[in-house]
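Overview (structure and organization)
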Amino acid sequence: MILILVPNTRPESPEYKQLMAHLANFTGISTRVHTEVGIEQTLTEIYLIGNTKVLSIEDVSCLPCVDSVVRVSEEYRVLGRHKNDDRATYFEYNGVRFGQDTLNVFAGLCAVDTIEHVEMMMKALREHGQVCTRMGAYKPRTSPYAFQGHGKTCLPYVFDMAGKYGIKVIAMEITHESHLEEIRNALYQTGSATGVMLQIGTRNTQNFELLKIVGRQQNFPVLIKRGFGITLDESLNAAEYLASEGNRKVIFGLRGMKTNMGDPHRNFVDFSHVPAVKRLTRMPVCIDPSHSVGTRASSPEGILDIMHVTAQGIVAGANMVLVDFHPAPSNALVDGPQALLIKELPQFLEDIQIAREAYEKRTLLAERYREI
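This text gives an overview of the structure that appears in the document. (Residues numbered from 1 in each chain as written. Predicted model: local features only at pLDDT ≥ 70, side-chain atom pairs only at ≥ 80, totals over all residues. Heavy atoms only, no water.)

Focus: a nonpolar patch on the surface
Nonpolar side chains collect at one region of the surface, where L365, Y369 and I372 lie side by side and expose about 370 Å² of accessible area between them. In this fold, Y369 is placed in helix α11 (residues 345-370). (Patch = residues over 30% accessible without salt bridge, like charges linked within 9 Å, V, L, I, M, F, W, Y side chains within 5 Å. Areas by Shrake-Rupley, 256 points an atom, 1.4 Å probe, with all protein chains shown as cover. Salt bridge = Lys/Arg side-chain N within 4 Å of Asp/Glu carboxyl O. Helix = DSSP H or I, 4+ residues; strand = E, 2+ residues; numbered from the N terminus.)

Right, dumping it as structure tokens:
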């Protein structure tokens, strides 16, 4: 059961103390408090953990400073959608809104290689009105001899360039808890020139200790990718690990399933699960067409497969696109064969807009017929 308190309720207020004293008398039920500090108001949620079936929603709703009550189901207790659940399906970070009603594009380098390529990418993004990017500093690889990323040494110039070109959020995968401190230090050194969205890759989806550590910090939002060899339910529970530790700013990423049933693509594209995730949870949904397709193959009409599957995900309601670009894919140190060219950025963005307009028209059509 979740108690949503009246906005701006202060812990030192008599009403709040009275509420907590009352909750302490509930036998076999513990409490966990989560506070979200926004620009205009502070929202507090109290999670009641235990046998809450014996509690009456009507009685609990009458307790001091309680605004509303949500009775949760067993699955996805924090991030899930529940009956009579009006909690937000969005969050804001560093001036950018991420929600089930928005669309953000994170085009950039799968792996940072040179400062020149970083600047070329960010300059192109600014020229086309983009404020988000992806920049890989830490790269888990199948082979121990493959390039693992420049790590903390590239962070200062990546963040400096982001500030120079107005990039507000950088999606960056981490693979170890030490990377959190390295990112914090580099942001501090560069005067917090940008923001970082931590990325949990498919290999770490069930690294539960890492999920707990990342969930305990609330400075950075988190993009967690679906595990490539596990069920959707298992992956959604991985996201729930983050939220159960306190970080509710979570985006769920679909990146394809590892099976040769998807041949000739790198992975079997799973973007049909976009509406399923939005129905089951309150998380925005990201699609990763680059790692799903894995090549620059195109249709007879000349449209790249990566653009085709991107459109499919957006028409289904995706809220974020994570996509690889590179100034010189043949020289890329990671995943060059799937990277789009910088000159293809305007076409990619325009194609996305066409798909988004189709999604919006389909939404209006569904609303019209629902009213009949």
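There's more to say after this.
Describing the layout of surface pockets
A probe matching the size of a water molecule, rolled over the atoms, marks out where space remains unfilled. One number sums up the size of the largest pocket: a volume of about 970 Å³. For the largest pocket, the lining is made up of 34 residues, of which E36, L43, A88, Y90 and F91 are closest to its centre. Within the residue set of the lining of the largest pocket, elements represented by two or more residues are β1 (2-5), β2 (29-37), β3 (42-50) and β5 (90-93). Residue composition of the lining of the largest pocket, by class: 16 nonpolar, eight polar and 10 charged. (1 Å grid on protein atoms, 1.4 Å probe; cavity = no way out; pocket = protein on both sides within 12 Å on 5 of 7 lines; lining within 4 Å. Points joined across faces, edges and corners; volume = space filled by probe spheres on them. Nonpolar A, V, L, I, M, F, W, Y, C, P; charged D, E, K, R; others polar.)

Brief notes about the sheet that holds β2
Taken in spatial order, the four strands line up as β2-β3-β1-β4 in an open sheet, and their pairing is antiparallel. Each edge of the open sheet is held by one strand with a lone partner, namely β2 and β4 (66-70). Within the sheet, the average angular offset between the axes of one strand and its neighbour, ignoring direction, is 20 degrees. Where β2 lies against β3, nine bridges are found, and the strand directions are antiparallel. Bridging across to β3, I29 finds its partner in G50. Together, β1, β2, β3 and β4 form the strand contacts of helix α1 (residues 14-23), whose direction differs from that of β3 by roughly 10 degrees. (Pairing = 2+ DSSP bridges. Axes fitted to C-alpha atoms, helices over the stretch in contact; angles between N-to-C directions. Contact = heavy atoms within 4.5 Å.)

As for helix α6 (residues 208-216)
Turning to α6, its buried residues are L210, L211, V214 and G215. Around the axis of α6, the buried residues are gathered within 130 degrees of arc, so they sit on the same side. Of the surrounding secondary structure, the elements contacted by the buried residues of α6 are β10 (195-200), β11 (222-225) and α7 (232-244). (Buried < 20%, exposed > 50% of the residue type's maximum accessible area, 1.4 Å probe, protein only. Arc of directions from axis to C-beta.)

Quick notes on the environment of K361
Within the secondary structure layout, K361 lies in helix α11. A residue is classified by how much of its surface remains accessible, and K361, at 61% relative accessible area, is exposed. Considered as a pair, K361 and L236 are 125 residues apart in the sequence and their alpha carbons are 29 Å apart.

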